[in-house]
Amino acid sequence: LACFLTNPLEVVKTRLQLQGELQAPGTYPRPYRGVLRAAVAVCRADGLWGLQKGLAAGLLYQGLMNGVRFYCYSHAEDAGWTGYPGGTVAAGAVAGAVGAIVGSPAYLVKTHLQAQTVSAMAVGHQHNYESITSAFKSIYQQHGVVGLWRGVTGAVPRVTVGSAVQLSTFASAKDWVCERQWFRKGSWAAVLAGAMVSSVAVAVAMTPFDVISTRLYNQPVHADGTGKLYRGFLDCILQISNKEGLLGLYKGIGAVYFRLGPHTVLSLFFWDKLRNM
């Protein structure tokens, strides 16, 4: 449910992060400008349903990644590990890393599908798959099982950092807004406000890793499966910083932030309710 409701922002974020890849600021056309205008541009190019591109792969990714992530974190809580100093951060980081590895093939396909559009609005490499099934089949036939985990070196740091910051700051941020009596404790408004406060920290910490992850997943590859643009995680950081500036690592941060708040509320709310059941 969280994925379905926030997937349009994920599509917008992917387009913004691929726009102007390895080009100096101001030297390339910008079909996508800001969150709202980018969403309108996606609708004009791909229709209203274009905002739900890659939804099936996104649902598969969230099911695999968050299923494993919350499962591992729950066990850490039950074992009492989160009660130690720094325990919530460590548990969130480890749970996120494991979830990222398991869900990486689905994230790879999701990124490819969300980047696809008409040539006039295309940004980044266009893989041109017809469906999620054809995407998995094509990647497997060309590069084998290993090819399905291409880009995982960017995904693990991304989810590790995001999970550690999210799970360690959400509860404290929610309590913080209640202590200041902005909202009644236990109300939806308090949960949403806490998530949006927490999301500031998550967006700042996670966006550079998110940009790197998107670039590594979407780049074209040689016949042996090696990337044509980036050799790996560190090379991607250096190339973006050198050619696009440090702000290039924060492309799409607006979409990242506005997606994280509602997604955090919804995913943690449903997780908590299902655990109680």
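For clarity, every value in this text was computed on a predicted model and none was experimentally measured.

### Considering the overall build of the protein
Right, on to step 1. Helix and strand content of the protein: nine helices and zero strands.
Right, on to step 2. Ordered by position from the N terminus, the helices and strands of the protein form the series α-α-α-α-α-α-α-α-α.
Right, on to step 3. C-alpha atoms of the protein, sized along the principal axes, occupy 50 × 40 × 35 Å.
Right, on to step 4. Looking at the 277 residues of the protein, the share that counts as buried comes to 51%.
Right, on to step 5. Within the protein, counting contacts between residues at least 6 apart in sequence, those at least 24 apart form 75% of the total.
Right, on to step 6. Summing over all exposed atoms, the protein offers an accessible surface of approximately 13,000 Å²; the carbon and sulfur share of this is 65%.
Right, on to step 7. Computed over 24 positive and 13 negative side-chain charges, the inter-centroid distance for the protein is 6 Å.

### Digging into empty space enclosed by the protein
Right, on to step 1. Going through the model one piece at a time under the given rule, you end up with two cavities of 30 Å³ or more.
Right, on to step 2. The space that makes up the largest cavity amounts to roughly 250 Å³.
Right, on to step 3. Forming the walls of the largest cavity are 22 residues, and the residues nearest its centre are Gln 62, Met 65, Arg 158, Arg 259 and His 263.
Right, on to step 4. At the level of elements, helix 1 (2-18), helix 3 (55-78), helix 4 (87-115), helix 6 (152-179), helix 7 (188-218) and helix 9 (253-276) are the ones that each hand at least two residues to the lining of the largest cavity.
Right, on to step 5. The element that contributes the greatest number of residues to the lining of the largest cavity is helix 3, accounting for six residues.
Right, on to step 6. Within the lining of the largest cavity, the residues separate by chemical class into eight nonpolar, nine polar and five charged.
Right, on to step 7. The computed volume of the second largest cavity comes to approximately 30 Å³.
Right, on to step 8. When contributions to the lining of the second largest cavity are tallied by element, the ones reaching two or more residues are helix 4, helix 6 and helix 7.
Right, on to step 9. If you tally residues by element for the lining of the second largest cavity, the top one is helix 4, at four residues.

### Focus: the UniProt feature "transmembrane region" (unreviewed entry) in the protein
Right, on to step 1. The feature "transmembrane region" (unreviewed entry), as annotated in UniProt, sits at residues 188-209 and 252-271 in this numbering.
Right, on to step 2. This span, residues 188-209, is 100% helix and 0% strand, and a straight line between its end C-alpha atoms measures 30 Å.
Right, on to step 3. Secondary structure over residues 252-271 splits into 95% helix and 0% strand, and the C-alpha atoms at its two ends are 27 Å apart.

Rules behind the numbers
Residues numbered from 1 in each chain as written. Predicted model: local features only at pLDDT ≥ 70, side-chain atom pairs only at ≥ 80, totals over all residues. Heavy atoms only, no water. Helix = DSSP H or I, 4+ residues; strand = E, 2+ residues; numbered from the N terminus. Buried < 20%, exposed > 50% of the residue type's maximum accessible area, 1.4 Å probe, protein only. Contact = heavy atoms within 4.5 Å. Areas by Shrake-Rupley, 256 points an atom, 1.4 Å probe, with all protein chains shown as cover. Lys, Arg positive; Asp, Glu negative; His and termini not counted. Charge placed at Lys NZ, Arg CZ, Asp CG, Glu CD. 1 Å grid on protein atoms, 1.4 Å probe; cavity = no way out; pocket = protein on both sides within 12 Å on 5 of 7 lines; lining within 4 Å. Points joined across faces, edges and corners; volume = space filled by probe spheres on them. Nonpolar A, V, L, I, M, F, W, Y, C, P; charged D, E, K, R; others polar. UniProt positions renumbered as here; feature names shortened; annotations may be inferred.

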